[in-house]
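# Report on the structure
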Amino acid sequence: MEIQWLHEVSLENLKFGIKADNLIATIGRGGNVPLGFVLSGDVVEKLANKTPDEKYIDILNSLFQELLDSSCTGKVIVRSSSIYEGAQQARFSGLFVSSLNVSSLKSLLDAISETYHSAKSPSLVSYFKKNNIHPLPEHMGIIVQEQIDYDVGGVAHISQNVVRCEFASNNLEEMISGVVAPSIVAVLARGNNEECLSYKIENGAEGVGKIHEHFPLIFNSFQRLLSSTGDAITIEFCIKKNELFILQVNYSSAPEEKSEFIQRDKQERKWLPLENIGELGLKGAAMHFFAREGMFNKSLLLFPHNTEYGEIYKVARKTFTPDIPLTVRFSYAQCLGLPRSFSPTLSDALVYTKDNKASKWSVIMHASMKVSSSFELLVEEGSATLEHVPGMWESDNKASPDVIRFLKKEVVYYRYKSERLCKFSDHSGSYTKNIRRVPTDVFKRWEKRIVPVINLIRNKFADSLPVNIHFVEEEKGGWQFLNLRKGSGFEKQEHIAQDIPIISCVKDLDKWDGESPIRLRLTMMRGREASLINIANKISISPNPVYVDFGVLSHPAMVLREYGVRVVPSYLLHETNSNVSEYDVISSQKDVGYAPQLRIETETQVVKSNDYYVVRDVEPICPNHLLLLSKHRVPSLADDPGAKKLPELLKGISSLINVREWFLLERGRASFCTSGFTCNHAHAHFVPKTFFKDDLLLMLVSGGDPVRYPDLSSALHEASLRQDEYLLFGSEEDGYFLEIPSPRVSRKRRLIRNILEERRKCL
């Protein structure tokens, strides 16, 4: 049984768990580790079970008081160091409890006990079992260290003469947990000249600032460690007043994230392709996008993070009248829950901005709104989900949502039956009131109104789906779009007959076996979304999806999905005993229109290639009326990367259905068609030439001057050089005519279908 200072442990006496042993080895190799001491597993086991010898309490108290006396913060951190933690077969990363801000002997003993017993929770027992580990009672060592109030923190991956650093300008723990992206990523390298240190900024170049001054300290400190091991190393570190402290070390050839599921999520997470995202953060860049697209029409100012307050003051005074109510929001990276103010006057808004803006935060300032409803929209490749709650929808929301699910050939309404107590906030204050259930005709209006938005998001962010969008409805019915972020889908419905236990906090998980279904009913204060990591760490090992109340697009559910947790909205359990009375479920089988690619895939296929479907039109104008659909999400064949293969594809169609000669007709880059969604599904019609006889050219001219091209490739190439709508018609034998209609000419909906209909009437 032992309690020892970290720097006094012999390298031949490493028995305090993998994490502690790595720190002890780091001290032996010249690394600067925060002052602290370690407890061996047998001491921890007796302390946690309240059976220690008194002498160990005395030793513990003596070292603890000495550590507090030497600490600048007067606080310590208590961390786990299991003999299994960090092992190759099972990382246990982030699963054991750690405690911050410990400042008394009682709180130290409580923290030790909590860390030890966290390994006995049903979820951790299940994790041990799955990895075929039978833990010894004394497996858990403990590290007690000074809590550093650092200036900057980061994670470094070191190999040979290269150090790759991810820096956190505010909160290192949030960066490691995946809550926020690194503020700066830099690669430091030593060239042939040993005196020359070079660096490359991979992102965040505008915020390098004083961190640049630390590069030599970081590189030299870590290269000394590498030279004594010969392996790649991953190091969690912080810097205080130009002194570098090593907080955790992983001596291995492959860097590991703090948590396995967070590692997977961070690899999959992509930044959305938005302008000015580096200067404005995700929320600010989203507001810029919405304003440009006409989806936010209030007076709006966006200030990049490096804008001086004097400039903000000057521009705001020129833009807004003194008595206008304003909303002030901040934006940084992908953060949720930053401060926000509904200010009654311009003066109040400016004072709030001055007092609350952090150096890395951009500022969003706009005219306030009277919000009557809040919406979250999830747009996926093959479906979409709209969720609604009356009033404000934030982290502390406790109201169940109304839902519209857009599926391939079905729209489903989940209408909440009862009254809901909902929260409302604006510049005059906050209040709650009961709101009656939503009438069905309102659902129908929402459905019709949201389809163009789904289409726009699919078109603009085709390579980034799924995407989450947050917007609100004003009292007069206008929609104002406020935020979007990279989303993640959720599991399909699974019917479970029995009631599912409800989890409201971390403590509720102590009785969970780690395998059976659970239902999360989580609420939190605004700005505390990062605390969900404690829940996420424990439930990420579940083999089953986790059910969540308050909607799959509520703040807790969104953050848990970003942490990699498989969640299912509880409203999909409407057929179970526990949920049967909460929703009316109305399903309509119909062509929902917003996903034409998916719809056409189900039609009778004649030809299918890597780039195209050729199907029989479901509303044929004449016999053998076919439809060609690109598999790429582009507005026309001229924009299609697979268009070079079209001539070869066309040659094979005739032999398949015994029609020798065809006309191809396309209305490219149109803003509407039968389904209303030409702008993101390139398609063309095939009609037998005999259907037209000699009238094709005459009937298709609609105000332009068609130009003939010898083949399809030439015609499409010319169309690709233009950004306008165009008409394309012709055949391999007759050549292809390209018409760019005059902008002054009105082009009717269903133009090609109307042409074909007119021809049929003439026959």
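Whatever comes next refers back to the structure up there.
Here is a short report on the structure shown in this document.

## Notes on the overall build of the chain
- Scanning the chain from N- to C-terminus turns up 19 helices and 36 strands.
- Here the chain holds 763 residues, and 56% of them are scored as buried.
- When contacts within the chain are restricted to residue pairs at least 6 apart in sequence, those whose partners lie at least 24 apart make up 65%.
- Entry remark: accessible area of the chain is about 33,400 Å², with carbon and sulfur atoms responsible for 48%.

## Examining the nonpolar core
- By size, the foremost hydrophobic cluster in this structure holds 44 residues, and its most contacted members are Ile 469 and Leu 484.
- Of all the secondary structure elements, the ones that give two or more residues to this core are helix H9 (277–292), strand E16 (371–379), strand E17 (384–390), strand E18 (402–406), strand E19 (410–416), helix H12 (440–460), strand E22 (467–474) and strand E23 (479–486).
- It is H12 that contributes the most residues to this core, nine residues altogether.
- Dropping the residues within four chain positions of it, Ile 469 is found in contact with Phe 290, Phe 375, Glu 376, Leu 377, Val 379, Ile 457, Phe 481, Asn 483 and Leu 484.

## Describing the side chain of Glu 376
- By the element assignment, Glu 376 lies in strand E16.
- Buried charge Glu 376 goes without a salt bridge, the closest partner of opposite sign being Arg 485 at 8.1 Å.
- Within the local environment of Glu 376, its side chain forms a polar contact with the side chain of His 470, the two groups lying 3.0 Å apart.

## Observations concerning the sheet that holds strand E1 (residues 3–5)
- Within the open sheet, the five strands sit side by side as E1-E2-E5-E3-E4. Their pairing is antiparallel. At either margin of the open sheet sits one strand with a lone partner, and together these are E1 and strand E4 (99–102). Mean inter-strand twist for the sheet, computed between neighbouring axes without regard to direction, equals 25°.
- Relative to strand E2 (residues 36–39), E1 runs antiparallel, the two being bridged by three bridges. Residue pairing for E2: Gln 4 is matched across the bridge by Val 38.
- This element, helix H1 (residues 18–28), spans E2, strand E3 (76–82) and strand E5 (140–146) of the sheet and lies at about 110° to E3.

## Some thoughts on the pairing of strand E31 (residues 626–630)
- In terms of burial, E31 is a largely internal element, five of the five residues being buried.
- Burial along E31 is two-sided: the face carrying Leu 626, Leu 628 and Ser 630 and the face carrying Leu 627 and Leu 629 are both buried.
- Here E31 pairs with strand E33 (residues 683–688) via four bridges, running antiparallel. The residue bridging Leu 629 from the neighbouring strand is His 683, located in E33.

## Some points on the pairing of strand E20 (residues 420–426)
- Among the seven residues of E20, five are classified as buried, and the element is accordingly described as predominantly covered.
- Pairing analysis gives seven bridges linking E20 to strand E21 (residues 429–435), with the strands arranged antiparallel. Pairing of Cys 422 across the sheet is with Lys 433, part of E21.

## Regarding the packing of helix H2 (residues 41–48) against helix H4 (residues 105–118)
- The geometry of H2 relative to H4 is characterised by a closest axis approach of 9 Å and an angle of 105° between their N-to-C directions. Considered as vectors, H2 and H4 are oriented roughly perpendicular to each other. Across from Val 44, Glu 45, Leu 47 and Ala 48 in H2, the residues of H4 making contact are Leu 109, Ile 112, Ser 113, Tyr 116 and His 117.
- Of the residues assigned to the contact of H2 with H4, the class counts are six nonpolar, two polar and one charged.

Thresholds, definitions, all that
- Residues numbered from 1 in each chain as written.
- Predicted model: local features only at pLDDT ≥ 70, side-chain atom pairs only at ≥ 80, totals over all residues.
- Heavy atoms only, no water.
- Helix = DSSP H or I, 4+ residues; strand = E, 2+ residues; numbered from the N terminus.
- Buried < 20%, exposed > 50% of the residue type's maximum accessible area, 1.4 Å probe, protein only.
- Contact = heavy atoms within 4.5 Å.
- Areas by Shrake-Rupley, 256 points an atom, 1.4 Å probe, with all protein chains shown as cover.
- Core = buried A, V, L, I, M, F, W, Y, C linked by side-chain atoms within 4.5 Å.
- Lys, Arg positive; Asp, Glu negative; His and termini not counted.
- Salt bridge = Lys/Arg side-chain N within 4 Å of Asp/Glu carboxyl O.
- Polar contact = N/O pair within 3.5 Å; in protein donor to acceptor, adjacent residues only side chain to side chain.
- Pairing = 2+ DSSP bridges.
- Axes fitted to C-alpha atoms, helices over the stretch in contact; angles between N-to-C directions.
- Parallel < 35°, antiparallel > 145°, perpendicular 65-115°, else oblique.
- Nonpolar A, V, L, I, M, F, W, Y, C, P; charged D, E, K, R; others polar.

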